[in-house]
Amino acid sequence: MYYEVSSIIDILFNIYFYMIFIYILMSWVPSVRENFIGELLAKLVEPYLSPFRRIIPPLFGMLDISPIVALFVLRWAVYGLKSLLSYVL
């Protein structure tokens, strides 16, 4: 039971990780964010990234490292959830 739940968590983490990663890459080409996929990714990713952007200011006025921190926090949350589930299940 634990392995099935753990694999589902891993799959969901990987999907969201790549969504954030693609969204970050799309920021380098602003016109890409204006299409349907860019707007969809913004609606799914921005609610998670916005608290980190409020806490961590851009470096040198333009380098935003908050998505990197957000990805680390997401990874730690997945590890915590999986270890919690290992005790419960």
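Anything mentioned here points back to the structure above.
These numbers come from a predicted model, not from an experiment.

Q: Tell me about helix 2 (residues 36-55), and please be specific about residues and values.
A: For helix 2, which comprises 20 residues, the first-to-last C-alpha distance of 29 Å matches the rise-based estimate of 28 Å (1.5 Å per residue) to within 8%. The largest bend in helix 2 comes to about 50°, at Glu46, with the proline Pro47 one to four residues further on. Along helix 2, the residues classified as buried are Gly38, Leu41, Val45, Leu49 and Phe52. Looking at the buried residues of helix 2, the elements they touch are helix 1 (2-26) and helix 3 (66-88). The backbone nitrogen of Ile37 has a side-chain oxygen 3.3 Å away, supplied by the residue at the start of helix 2, namely Asn35.

Q: Which residues make up the nonpolar core, and what are the values?
A: If you look at the biggest cluster of nonpolar residues, it comprises 16 residues, and the most contacted ones within it are Ile20, Val45 and Leu49. The set of elements that each furnish at least two residues to this core consists of helix 1, helix 2 and helix 3. Top contributing element to this core by residue count: helix 1, with 7 residues. Contacts of Val45, omitting those with residues within four sequence positions, involve Tyr16, Met19, Ile20 and Tyr23.

Q: Lay out the packing of helix 1 against helix 2 with the relevant residues and their values.
A: As a packed pair, helix 1 and helix 2 sit with axes 9 Å apart at the nearest point and diverge in direction by 100°. Between helix 1 and helix 2, the interaxial angle falls into the category roughly perpendicular. Across from Tyr16, Met19, Ile20, Ile22, Tyr23 and Met26 in helix 1, the residues of helix 2 making contact are Ile37, Gly38, Leu41, Ala42, Leu44, Val45, Glu46, Tyr48, Leu49 and Arg53.

Q: An account of the packing of aromatic side chains is needed here, citing residue identities and associated values.
A: Per the counting criterion, the structure on display carries 7 aromatic pairs. For the pair Phe17 and Tyr18, a centre-to-centre distance of 5.4 Å together with 85° between the ring planes defines the contact as edge-to-face. Accessibility expressed as a relative area gives 25% for Phe17, which makes it partly exposed. Each residue in the set Phe13, Phe17, Tyr18 and Phe21 is aromatic and connected to the rest through ring pairs, giving one cluster. Here Arg75 stacks its cationic end above the ring of Phe13, 4.1 Å away from the centre of that ring.

Q: How would you sum up helix 1? Please name residues and give values.
A: With 25 residues, helix 1 ought to run about 36 Å at 1.5 Å a step, and its terminal C-alpha atoms sit 36 Å apart, in line with that. Taken together, the buried positions of helix 1 are occupied by Ser6, Ile9, Phe13, Tyr16, Met19, Ile20, Tyr23 and Met26. Turning to helix 1, the residues buried within the fold contact helix 2 and helix 3.

Cut-offs used in this document
- Here the residue index of a chain counts from 1 through its sequence in written order.
- Only residues with pLDDT of 70 or above have their local features reported here, since the model is predicted, and side-chain atom pairs are shown and tallied only from 80 upward, although totals for entire chains, interfaces and linings are computed over all residues.
- Computation of side-chain values covers all heavy atoms of the structure but excludes hydrogens and water.
- In DSSP terms, a helix is any run of H or I states spanning at least four residues, a strand is any run of E spanning at least two, and both are numbered starting from the N terminus.
- Residue count minus one, scaled by 1.5 Å, sets the expected span of a helix.
- The angle between axes fitted to the seven residues ending at a residue and the seven residues starting there is what we call the bend at that residue.
- Think of it in three bands: with a 1.4 Å probe and only protein chains considered, a residue is buried below 20% of the maximum accessible area for its type, exposed above 50%, and partly exposed in between.
- Residues are treated as being in contact if the distance between any of their heavy atoms lies within 4.5 Å.
- Identification of polar contacts relies on pairs of N or O atoms within 3.5 Å, with a donor-acceptor requirement for protein atoms, meaning one able to donate a hydrogen and the other able to accept it, and with residues adjacent in sequence counted only if both atoms are side-chain atoms.
- The criterion is simple. A nonpolar core is a set of buried Ala, Val, Leu, Ile, Met, Phe, Trp, Tyr and Cys residues joined through side-chain atoms within 4.5 Å.
- The axes are straight lines fitted to the C-alpha atoms, using for helices just the contacting stretch, and the angles between their N-to-C directions are given from 0 to 180°.
- An angle counts as roughly parallel when it lies under 35 degrees, as roughly antiparallel when it exceeds 145, as roughly perpendicular when it falls between 65 and 115, and as oblique in every other case.
- In this analysis, rings of Phe, Tyr and Trp, with Trp reduced to its six-membered ring, are considered paired at centre separations within 6.5 Å, and the interplanar angle assigns stacked below 30 degrees, edge-to-face beyond 60, and tilted for intermediate values.
- Charge-over-ring placement is defined geometrically: NZ (Lys) or CZ (Arg) within 6 Å of the ring centre, and within 35 degrees of the ring normal.

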